[in-house]
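Here's the letter readout for the chains.
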Amino acid sequence: MRELMAQFEAASQNYAQVHGVSRDSDWFLLKLLEEVGELAQVSNRISGRSRRKGLSDADLRQAMEDETADLLGHVLLFAHHHGLNIEDAIERKWRFRPGR
């Protein structure tokens, strides 16, 4: 889990540097919320609660995968930024230890 967090952190730092983005404490939470919204938007399109905008089933499936990956990345970035021990939290809340 820590290695995955470090990989997301490196990618995010690179993105921020290339695009001139300031990653302050607010940014981590706001990006997380943004990604939840984008995933909800795709889900609404798939379920018929929103316009598909000409997207095929395959396009929507890929968009859902992509937005889920973004959400996962930003959850891990948020945890990394705040020094959270996600492995311990998963063990407490989900009753298993990641990687075991």
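Residues numbered from 1 in each chain as written. Predicted model: local features only at pLDDT ≥ 70, side-chain atom pairs only at ≥ 80, totals over all residues. Heavy atoms only, no water.

Draft legend 1. How the structure looks around helix 1 (residues 2-19). Over its 18 residues, helix 1 extends 25 Å from the first C-alpha to the last, a length consistent with the 26 Å expected when each residue adds 1.5 Å. Buried within helix 1 are the following residues: Met5, Glu9, Ser12 and Ala16. Axial view of helix 1: buried residues confined to an arc of 70°, hence all on one face. In helix 1, the exposed residues that point more than 90 degrees away from the buried face are Glu3, Gln17 and Val18. On its buried face, helix 1 sits against helix 2 (25-47) and helix 3 (57-81). Looking one or two residues beyond helix 1, the residue adopting positive phi is glycine 20, at roughly 65°. (Helix = DSSP H or I, 4+ residues; strand = E, 2+ residues; numbered from the N terminus. Expected span 1.5 Å × (residues − 1). Buried < 20%, exposed > 50% of the residue type's maximum accessible area, 1.4 Å probe, protein only. Arc of directions from axis to C-beta. Contact = heavy atoms within 4.5 Å.)

Draft legend 2. The packing of helix 1 against helix 3, seen in detail. Relative orientation of the contacting elements helix 1 and helix 3 amounts to 100°, with a least axis distance of 9 Å. Overall, the two elements helix 1 and helix 3 adopt an arrangement that is roughly perpendicular. Contacts between helix 1 and helix 3 involve Leu4, Met5, Phe8, Glu9 and Ser12 on the former and, on the latter, Ala69, Gly73, Leu76, Leu77, Ala79 and His80. In terms of residue class, the contact of helix 1 with helix 3 is made up of seven nonpolar, three polar and one charged. (Axes fitted to C-alpha atoms, helices over the stretch in contact; angles between N-to-C directions. Parallel < 35°, antiparallel > 145°, perpendicular 65-115°, else oblique. Nonpolar A, V, L, I, M, F, W, Y, C, P; charged D, E, K, R; others polar.)

Draft legend 3. Local environment of helix 3. The end-to-end C-alpha separation of helix 3 is 36 Å, in line with the 36 Å expected for 25 residues at 1.5 Å each. Those residues of helix 3 that fall on the buried side of the exposure criterion are Leu60, Glu67, Leu71, Gly73, His74, Leu76, Leu77 and Ala79. Trailing helix 3 by a residue or two, glycine 83 shows a phi angle of about 65°, which is positive.

Draft legend 4. Highlighting unusual backbone geometry. Even without glycine at this site, lysine 53 takes up a positive phi of about 55°. Within the secondary structure, lysine 53 is located in the loop between helix 2 and helix 3. Positive phi, close to 70°, is recorded for arginine 95, a residue that is not glycine.

Draft legend 5. Focus on a nonpolar patch on the surface. A cluster of nonpolar side chains, contributed by Leu29, Leu30 and Leu33, occupies part of the molecular surface with about 290 Å² of accessible area. Mapped onto the elements, leucine 33 comes out in helix 2. (Patch = residues over 30% accessible without salt bridge, like charges linked within 9 Å, V, L, I, M, F, W, Y side chains within 5 Å. Areas by Shrake-Rupley, 256 points an atom, 1.4 Å probe, with all protein chains shown as cover. Salt bridge = Lys/Arg side-chain N within 4 Å of Asp/Glu carboxyl O.)

Draft legend 6. Representation of the nonpolar core within the structure. With five residues, the main nonpolar core is built from Met5, Leu76, Ala79, Ile86 and Ile90. For this core, the elements supplying multiple residues, two or more each, are helix 3 and helix 4 (86-94). Those residues in contact with isoleucine 90, other than ones at most four positions away along the chain, are Met1, Arg95, Phe96 and Pro98. (Core = buried A, V, L, I, M, F, W, Y, C linked by side-chain atoms within 4.5 Å.)

Draft legend 7. Examining the pattern of salt bridges more closely. Applying the stated criterion across every chain yields a total of nine salt bridges. Here lysine 31 makes a salt bridge to glutamate 35, at a shortest N to O gap of 3.9 Å. With lysine 31 and glutamate 35 both in helix 2 and four residues apart, this pair spans about one turn of that helix. The exposure class assigned to glutamate 35 is buried, which follows from its relative accessible area of 4%.

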